[in-house]
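A closer look at the structure
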Amino acid sequence: MIPPSLFNQTRLLNVSSLRFIRDRSGVAYFSSSSFNLDSNIDSLKNKARAPHAHNNTPESIVSKIGRNLHRQPDHPLNIVKQRIEDYCQSYAMKKYKKIKTNENSCESDSNTIKFQIFDDMSPIVTKKRCFDDLLVKPDHVSRSPSDTYYLNDELLMRTHTSAHQTELISRGVNLFLCSGDCYRRDEIDSSHYPVFHQMEGVKIFHESELVPNDEERSNAIIEEDLKELLTGLAVHLFGKVEMKWSADYFPFTDPSFELEVNFRDQWLEVLGCGVIEPQVIFNAGREGSKGWAFGLGLERLAMILFQIPDIRLFWTDDKRFHNQFVGLSKDHQKLVTFVPYSKYPLCYKDVSFWLPSAGGNPSVSTYHSNDFYEVIRDVAGDLVEEVQLFDEFTNKKTGRTSHAYRINYRHMDRSLTNAEVDEIQFKLRHELVTRLGVELR
Ligand code: PHE
């Protein structure tokens, strides 16, 4: 149901979690911001709609801007966010002492520092913040318009909350948690959705917390603190579970790690993290500083914790869903298990077509399956539960390739009629021809 690992295989990097993948191309991959999002949701949406030759962000995506599920009280994503924030604050209270920079300064009563919380930064970010600053290679697949929603050549919908690292670090924020909606063009199934939520944690150390002129020992201190915090977080969320750390890869941390927990007899990857690359700190204008960063997917954690079987449920207005989480944003101990309510009937339709060929050469195609998924999302929205490629072959004589997909339609809140689905399917077939240039079979 939920992919066991989020980083090591392409499809796992999806919606429900962290987005950095090690591959479609071999390397892991995987935003400037304004504040007080609430007051300017409309202007953000208009910004996202501004016509540009390279704007590939459809209205179905624009309409999600400002929904801010992670900030709705008693929404499962908010519950998970709250639990993580509370735990991190209690860790900071125990562990991080305020550094007195000026003896005469008027310090607050507490002697410890807290994580600063950011949860309303604009999801529209620059390519620089999202990729360049984080050392994502210019030709990395995560940057491609088949994977990322661009607004123009400079602006895009953030693909991960790491997009805020250099901005916040450059502003001198040394300890923060930053959560928000992230966007990626993706396939369609129960754990993938083009909008998902992440949380980023960053700590920049004060030199007095490290060992002067000793990189190795300083890095060891950073790594140890990072792992102590996150191991404690896993216990806070999942109880006393078995855990394992393994090496991972992200362009912006080194060393990098992933944490897996054994929950209900399954090994599940829950987060990625590491020591921030010096070059990233340099890009933030803080050359010589050191720190750690971690990132986690709120949907993934909520799906595991509450046993929520379908990622689309986070977007439903159905009371049968929301009533099950009432009071949980305040009660941080309680673990509830989601009880699925009866689903409305499924209706499936198949579609098969010859892929368009590039420049008259049948063996080269411009087709990308994410374009197909997006046409479906545009035409059918959340009515599509899953799309499976069930047949693929290349005709030896003509060199042309055919794909056959099964599309499962189901409404979250009512029954669909066959006539209604036929109409959608008809429209879909039409759009596939006009937008992707496929030849229906
Ligand atoms: N941004 C990464 C992802 O989306 C996660 C990450 C954050 C990894 C911070 C390391 C440090 O997969």
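The present account deals with the structure reproduced in this document. (Residues numbered from 1 in each chain as written. Predicted model: local features only at pLDDT ≥ 70, side-chain atom pairs only at ≥ 80, totals over all residues.)

1. Details of the sheet that holds strand S5 (residues 195-205)
Here 7 strands make up an open sheet; going across it, the order is S1-S4-S5-S9-S8-S7-S6 and the pairing mixed. Here the strands that pair on one side only, and so sit at the sheet edges, are strand S1 (116-118) and strand S6 (242-250). Strand after strand, the sheet turns through a mean of 20 degrees between neighbouring axes, direction not considered. Pairing of strand S4 (residues 175-183) with S5 involves 9 bridges; the strand directions are antiparallel. (Pairing = 2+ DSSP bridges. Helix = DSSP H or I, 4+ residues; strand = E, 2+ residues; numbered from the N terminus. Axes fitted to C-alpha atoms, helices over the stretch in contact; angles between N-to-C directions.)

2. Regarding the environment of Pro-73
The residue Pro-73 is located in the loop between helix H2 (59-62) and helix H3 (76-95) in this model. As for Pro-73 and Phe-325, which are separated by 252 residues in sequence, their C-alpha atoms are 9.5 Å apart. Those residues in contact with Pro-73 that lie beyond four places of it in its chain are Asn-78 and Ser-329. (Contact = placed C-beta atoms within 7 Å.)

3. Concerning the packing of H3 against helix H8 (residues 298-306)
At a minimum axis separation of 9 Å, H3 and H8 run at an interaxial angle of 95 degrees. Classified by the angle their axes make, H3 and H8 are roughly perpendicular. Each of Pro-76, Leu-77, Val-80 and Lys-81 in H3 lies in contact with H8, whose residues at this interface are Leu-298, Glu-299, Leu-301, Ala-302, Leu-305 and Phe-306. Residues of the contact of H3 with H8, tallied by class, amount to 8 nonpolar, no polar and 2 charged. (Parallel < 35°, antiparallel > 145°, perpendicular 65-115°, else oblique. Nonpolar A, V, L, I, M, F, W, Y, C, P; charged D, E, K, R; others polar.)

4. A word on helix H11 (residues 418-436)
Over its 19 residues, H11 extends 26 Å from the first C-alpha to the last, a length consistent with the 27 Å expected when each residue adds 1.5 Å. Among the residues of H11, Ile-424, Leu-428 and Leu-432 are the ones counted as buried. The buried residues of H11 occupy one face: seen down the axis, they fall within an arc of 80 degrees. Opposite the buried face of H11, by more than 90 degrees, sit the exposed residues Ala-419, Asp-422, Glu-423, Phe-426, His-430 and Thr-434. Close packing links the buried residues of H11 with strand S10 (347-354) and helix H10 (369-380). Count one or two residues on from H11 and you reach Gly-437, which has phi positive near 70 degrees. (Expected span 1.5 Å × (residues − 1). Buried ≥ 20, exposed ≤ 12 C-beta atoms within 10 Å, placed from the backbone. Arc of directions from axis to C-beta.)

5. Observations concerning the pairing of strand S9 (residues 290-297)
Most of S9 is tucked away: 8 of the 8 residues are buried. Neither face of S9 is left uncovered, since the one carrying Lys-290, Trp-292, Phe-294 and Leu-296 and the one carrying Gly-291, Ala-293, Gly-295 and Gly-297 both have all their residues buried. In terms of strand pairing, S5 meets S9 through 8 bridges, oriented antiparallel. Within S9, the residue paired with Val-202 across the bridge is Ala-293. Of the strand pairs in this sheet, strand S8 (residues 266-276) and S9 are connected by 4 bridges, and their pairing is antiparallel. Bridge assignment links Gly-274 to a residue of S9, and that residue is Ala-293.

6. Remarks on the nonpolar core
One finds Leu-230, Ala-234, Val-270, Cys-273, Trp-292, Phe-294 and Leu-301 to be the most contacted residues of the largest nonpolar core, which totals 73 residues. At 7 residues, the largest contribution of residues to this core is made by helix H6 (residues 215-238). Dropping the residues within four chain positions of it, Leu-230 is found in contact with Leu-259, Leu-271, Cys-273 and Phe-294. Judged by nonpolar contacts, the second largest core, of 18 residues, contains Tyr-373, Val-379, Val-384 and Ile-407. (Core = buried A, V, L, I, M, F, W, Y, C linked by C-beta atoms within 7 Å.)

7. Thoughts on the sheet that holds S10
Pairing within the open sheet is antiparallel, and its 4 strands lie in the order S11-S12-S10-S13. Pairing within the sheet leaves two strands with one partner each, and these edge strands are strand S11 (384-394) and strand S13 (439-440). In the sheet, S10 pairs with S13 via 2 bridges, with the strands oriented antiparallel. Each bridged residue has a counterpart across the sheet, and for Trp-354 the counterpart in S13 is Glu-439. Docked against the sheet, H10 engages S11 and strand S12 (401-409), running at close to 145 degrees with respect to S11.

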